[in-house]
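In case you want the letters, here they are:
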Amino acid sequence: MRRRVASAAKPNPAHFVLASLEQKLCERLFLCTQNVDDLHEQAGLNCVVHMHGELFKSRCDTCSRAPFRDTNTYDSPVELPQCECGGGIRPHICWFGEVPFELDRIFRALNECTVFMAVGTSGVVEPAASFVAHVGGRARTIYVGAEEPANASAFTECHLGKAGEVLPLLAGSIQ
Ligand SMILES: [Zn+2]
């Protein structure tokens, strides 16, 4: 069901601003998302770290084969798909209670960053909600989103509004 819903979604202006920021900053932009859709990629971003996994990928729950692209929506009732090894095929998604992906890379980037920006997140879901506290004091910390996040006081700047409207105004100030 989630794959069917996500297939119909299209990138919004904020995704495209981030894509042009990647063009400008190249590898100095580290973009990490809690979103499992592929809207960043659709907008043209090349390097996206999906800490909660990717909806359009699956993996085996048993063997070490790499996660693979899977757009199957299993519309008719079927047995759960099986890997050649006999294991079950599951979505490449971080479920509640599982450890998010790529935390080593993410914390390396947090340790080095000079500008930290969180976009459209509630500030509740850990570990992402603590990222701003991790860089606090060393970096410019910016929040962009329609509603004030739970961890608003940890940011040096809070820009409330639609990301698609606020980000284009801010992007120029990020060097
Ligand atoms: Zn397998």
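Preceding this section is the structure that the text describes.
Residues numbered from 1 in each chain as written. Predicted model: local features only at pLDDT ≥ 70, side-chain atom pairs only at ≥ 80, totals over all residues. Heavy atoms only, no water.

A. Representation of helix H2 (residues 13–25) within the structure. A rise of 1.5 Å per residue sets the reference length of H2, with its 13 residues, at 18 Å; its end C-alpha atoms lie 18 Å apart and thus fit the reference within 8%. Those residues of H2 that fall on the buried side of the exposure criterion are Ala14, His15, Val17, Leu18, Ala19, Leu21, Glu22 and Leu25. The backbone nitrogen of Ala14 lies 2.7 Å from a side-chain oxygen of the residue at the head of H2, namely Asn12. Within two residues after H2, Cys26 carries a phi angle of roughly 50°, on the positive side. (Helix = DSSP H or I, 4+ residues; strand = E, 2+ residues; numbered from the N terminus. Expected span 1.5 Å × (residues − 1). Buried < 20%, exposed > 50% of the residue type's maximum accessible area, 1.4 Å probe, protein only. Polar contact = N/O pair within 3.5 Å; in protein donor to acceptor, adjacent residues only side chain to side chain.)

B. The sheet that holds strand S8 (residues 157–160), seen in detail. If you trace the three strands from one edge of the open sheet to the other, you get S6-S7-S8, paired in parallel fashion. What marks the edges here is a single partner per strand, and that holds for strand S6 (115–119) and S8. Along the sheet, successive strands turn relative to each other by an average axial angle of 15°, direction set aside. One ladder, built from five bridges, connects S6 with strand S7 (residues 140–145); its direction is parallel. Note that in S7 the partner of Phe116 across the bridge is Thr141. Its contacts with the sheet put helix H6 (residues 163–171) on S6, S7 and S8, and the angle it makes with S7 is roughly 150°. (Pairing = 2+ DSSP bridges. Axes fitted to C-alpha atoms, helices over the stretch in contact; angles between N-to-C directions. Contact = heavy atoms within 4.5 Å.)

C. Molecular detail of the packing of aromatic side chains. On inspection of all chains with the given rule, the structure shows three aromatic pairs. Judged by centre distance (5.6 Å) and plane angle (85°), the ring pair of Phe107 and Phe131 falls under edge-to-face. Placement of the pair is Phe107 in helix H4 (residues 103–112) and Phe131 in helix H5 (residues 131–135), with a sequence separation of 24 residues. In this structure an aromatic cluster arises from ring pairing among Phe116, Tyr143 and Phe155. Lying across the ring of Trp95, Arg90 places its NZ or CZ 4.0 Å from the centre. (Phe/Tyr/Trp six-rings, centres within 6.5 Å; stacked < 30°, edge-to-face > 60°. Lys NZ or Arg CZ within 6 Å of the ring centre and 35° of its normal.)

D. Examining the coordination of the zinc ion more closely. At the metal site, the zinc ion is ligated by Cys60 (SG), Cys63 (SG), Cys83 (SG) and Cys85 (SG), and these contacts range over 2.2 to 2.4 Å. Coordination geometry of the zinc ion: the four donor atoms subtend angles of 101 to 115° at the metal centre, consistent with an arrangement described as tetrahedral. Every donor residue of the zinc ion comes from the same chain, spaced as C-x2-C-x19-C-x1-C. In this pair, Cys63 sits in the loop between strand S3 (53–60) and strand S4 (68–69) while Cys83 sits in the loop between S4 and strand S5 (89–93), placing the two residues 20 residues apart along the sequence. A relative accessible area of 29% places Cys63 in the partly exposed class. (Donors = N, O, S within 2.8 Å, 3.2 Å for Na, K, Ca; no water. Tetrahedral: all angles 85-135°; square planar, octahedral: opposite > 155°, others 65-115°.)

Scope: geometric values only; no functional claims are made or implied.
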